[in-house]
Amino acid sequence: MLLWENLKLKFLKLLKIKINPFNNFVATGEIEELLDFVDSRRHFLNSLIKFVTENEGFILPILGDIGVGKTHLFWSLKMNLKDKFNIIYISLDNIYRKFYFNLYSEFIEELGIENLRMITQELCNNWSGLEKKYGFFPIPDIQKARSNALNKWKDDFGDKNSLNDIINVITSHQLDPYKRIDAEDYLLGELMNIRELALLDVENDLRNKKNAFTMLKVLIENSKLGTIIFIDDFDKIITLMKEEEEIETFFDSSWYYGAEESSDNIVAKNILGKISELQNIKNLKKIITLNSKNSLDEIKKLFKQENIELSNNLKEPLFLSNFKEEDIYKFYKLTIDKFLKSINSSEILSDFKNPYYPLSKSILKKIYNKSEGNPRNIIKILIKIFNDIIYYDKINQE
Amino acid sequence: MNLDTKNIIYDSVKNIRTHGKFNGSIIVMCKNENIILTDSLVYYDNIIEINKGLMVGFESILANKKEAFSISSNFRFNLDEDTIDYSVLIPEDLVEKFDKERFSDAFPYTINLLHSAGLLLNENHLGMNHLDFFKGEILKNPIALIHNGICVADRVVIDESSNPIFYGTLIIGRNKKENLSISYESIVNVSDKLIRYIIIIGIETIKE
């Protein structure tokens, strides 16, 4: 087009609409990262995938500095393993209260309604919930299904009341068309009132930790896909245990919690207890991320104190390292490509002699050296540079 | 596909007889055009015994009126009386398909009739045709006799031209060489002129 003969100018004008191609320097569990891992990390990712698919019941620590891309790893795993695993992201900040309920909510969001229906249908078929009349017409027999389920599972589940509740909900969901909608609400983790609970013939909804745990165990163990829990920033548990030593408060919490333990300490121990309990769920794999080797040593100690089995399942860590120099060039080009594609202008870069326009290879090298290869720091600097281009038409060499 | 001999319990035309006790999805076609569905049948010494079967068909209630019926009962047939045309055990893989593709009961706009009723009967002066009344509706559990084949379907939808479309259908009948054949079809589109009768089986009858 005549107006845009000068493609460099077109690129700069596009930037002027104030969209910075580098806008996200912190990955989160909520916002999807579309960029896959850079080449030098492919080997790391492949060995992680191999480990995850070949091992069972483990807790695998991933070590890496702050900003190295541990949360981004979650999205890469999800992208590469979506056909084999439900992968759930968990931040201890969000779930340390109502642990099982929050974990269940995350799981059910990942599982999806169609898979949930398939699981309950399969369970009811296994419990002979459908009797075939005259060889052709399936007729539901709820009582038979419930008693078969109880007989089958009574030894595998500790709490009989919650097992009863869970079986009643699953059978109602598949075999009773009049209760199906309420049962589905229950399974989706909706909060239920007394009337709805009575209709489903259950005592508690999933806010009850035993019910949430039992339901989680049932769904994970009967899902066709495996399940991985990705617990980010697991160091938080150490911080919780140490908080009292570091923070000076006017309020003496020992009045409430006794002299020996602070409330955070109790919370941290609770989380450890619950993670230990998760070991009882078959087909569940756990990945935790930590910032340093020291954190790992402390976690090892805590696990040993909590439960020897928990400690045995803690595997040798994998180390996620910073970008290599060639990664920054690849990362830069991929991000700019993605940006141009998103505004339907991917043809712009193809004619440039300098593939790193408006920057250059030497600028990218400087950025790499300054950030020491830490991806978050690299993105921070790139954001600043592009802001300068957008708002001040210049590149600050400093 | 042609039925394997092991699935043919009795065939009056080809004189096939397989004695024994059969369990599964079994269909018996009577020579008076009644159809029996059952999950358990014993054939010995020229006697067919059905433990709890569902017989459907049309019966005369007045000289000029016929009505659909379905009876759940035990049946006993002496084959010397020549009342049975054939009896077949549906192969497992087709039954599995039939079960798998059933429409969910949770779909709210499917009509289940409480009692069995005739939807269509093509018989000179005694005919009935309620297809227009159910135009555009989904009816559960139809069973139809089409020319010389039986059609057991999960549901039937009456289209805009008042022709029935059967979904999730097992078709059992005789081919040109009079061999018994069976197939599963997801959709069967039949002109109402070719159909001998369609009966919708009532849910009360099934639950009995």
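All figures in this text were calculated on a predicted structure; none of them were measured in a lab. (Residues numbered from 1 in each chain as written. Chains lettered and ligands numbered in written order. Predicted model: local features only at pLDDT ≥ 70, side-chain atom pairs only at ≥ 80, totals over all residues.)

## Here we look at the confidence of the model for chain B
Our working definition: Note: pLDDT gives the predictor's confidence per residue, expressed from 0 to 100.
Chain-level pLDDT for chain B is 90 on average; 98% of the residues reach the 70-or-more range. For this predicted complex, the interface score ipTM comes out at 0.88, while the overall pTM is 0.75.

## Here's the deal with the sheet that holds strand β2 (residues 16–17) of chain B
Backbone-to-backbone hydrogen bonds pair the strands of a sheet. The strands run either parallel or antiparallel. Residue and element names in this part refer to chain B. Convention followed: Here a strand pair is declared whenever DSSP counts at least two bridges between the two strands. Where helices and strands are cited, they refer to DSSP runs of H or I of at least four residues and of E of at least two residues respectively, numbered from the N terminus.
The antiparallel open sheet is built from seven strands, whose spatial order is β2-β1-β7-β3-β4-β5-β6. In this open sheet, the two strands that pair with only one neighbour each are β2 and β6 (65–78). Bridge analysis of strand β3 (residues 20–30) against strand β7 (residues 84–89) gives five bridges, and the strand direction is antiparallel. If you follow I26 over to β7, its bridge partner there is L89.

## So, the packing of helix α7 (residues 142–153) of chain A against helix α8 (residues 160–175) of chain A
Residue and element names in this part refer to chain A. Under the convention used in this document: Axes, fitted as lines to C-alpha atoms, cover a helix only where it is in contact. Angles between the N-to-C directions of the axes lie from 0 to 180 degrees. Roughly parallel covers angles under 35 degrees, roughly antiparallel covers those over 145, roughly perpendicular covers 65 to 115, and oblique covers all other angles. The crossing is said to be left-handed when, going from far helix to near helix, the turn is anticlockwise and less than a right angle, and right-handed when the turn is clockwise. Our contact criterion uses C-beta atoms placed from the backbone: two residues qualify when those atoms are within 7 Å. In this classification, Asp, Glu, Lys and Arg are treated as charged, Ala, Val, Leu, Ile, Met, Phe, Trp, Tyr, Cys and Pro as nonpolar, and every other residue, Gly included, as polar.
The interhelical angle for the contact between α7 and α8, taken along N-to-C directions, is 140°, at an axis separation of 10 Å. With respect to α8, the axis of α7 lies oblique. The way α7 lies across α8 gives a crossing that is right-handed. Residues I142, A145, R146, A149, L150 and W153 of α7 touch α8, and the partners they reach there are L163, I167, N168, T171 and L175. Looking at the contact of α7 with α8 residue by residue, the class counts come to eight nonpolar, two polar and one charged.

## Quick notes on the pairing of strand β3 (residues 130–133) of chain A
All names here are of chain A. As paired elements, β3 and strand β4 (residues 137–140) share four bridges and run antiparallel to each other. If you follow K132 over to β4, its bridge partner there is P138. If you look at the hairpin formed by β3 and β4, you'll find three residues sitting between the two strands, and Y134 has a positive phi there, around 55°.

## Concerning the nonpolar core
Within soluble globular proteins, side chains that are nonpolar generally end up buried alongside one another. Short version of the rule: The term nonpolar core means buried Ala, Val, Leu, Ile, Met, Phe, Trp, Tyr and Cys residues held together as one set by C-beta atoms within 7 Å. Note on burial: count the other C-beta atoms lying within 10 Å of the residue's C-beta; 20 or more is buried, 12 or fewer is exposed, in between is partly exposed, and C-beta positions come from the backbone. As annotated, the domain borders come from an automatic or database domain assignment.
One finds Y100, Y104, V169, A212, M215, L216 and F230 of chain A to be the most contacted residues of the largest nonpolar core, which totals 70 residues. Sorting elements by how many residues they give to this core places helix α5 (residues 99–111) of chain A first, with eight residues. Residue assignment places this core across two domains, with domain 2 (39–84 + 225–319) and domain 3 (104–222) of chain A each supplying three or more. Listed in part, the 52 residues of the second largest apolar core include Y43, I84, I143 and F166 of chain B.

## Details of helix α17 (residues 325–342) of chain A
Along an α-helix, a turn takes 3.6 residues, which lines up residues three or four apart on a common side. All names here are of chain A. The test is simple: Under the convention used throughout, the expected extent of a helix is 1.5 Å for every residue step, that is, one less than its residue count. The arc in question is formed by the directions pointing from the helix axis toward the C-beta atoms.
For α17, with 18 residues, the first-to-last C-alpha span of 27 Å sits near the 26 Å given by 1.5 Å per residue. Within the span of α17, buried status applies to I328, F331, Y332 and I336. Buried residues along α17 cover an arc of 125° about the axis, so they all sit on one side. Turned more than 90 degrees off the buried face of α17, the exposed positions are E326 and K341. Against the buried residues of α17 lie α18 (361–371) and α19 (375–392). Immediately beyond the C-terminal end of α17, within one or two residues, lies N344, with a positive phi of roughly 55°.

## Some remarks on helix α15 (residues 293–306) of chain A
Residues and elements named next belong to chain A. Taking 1.5 Å of rise per residue, 14 residues should cover 20 Å, and α15 covers 20 Å from first to last C-alpha, within 8% of that figure. Burial in α15 covers these residues: S295, I299 and F303. End-on view of α15: buried residues confined to an arc of 75°, all on one side of the axis. Facing away from the buried surface of α15 by more than 90 degrees, the exposed residues are K293, N294, D297, K301 and Q305.

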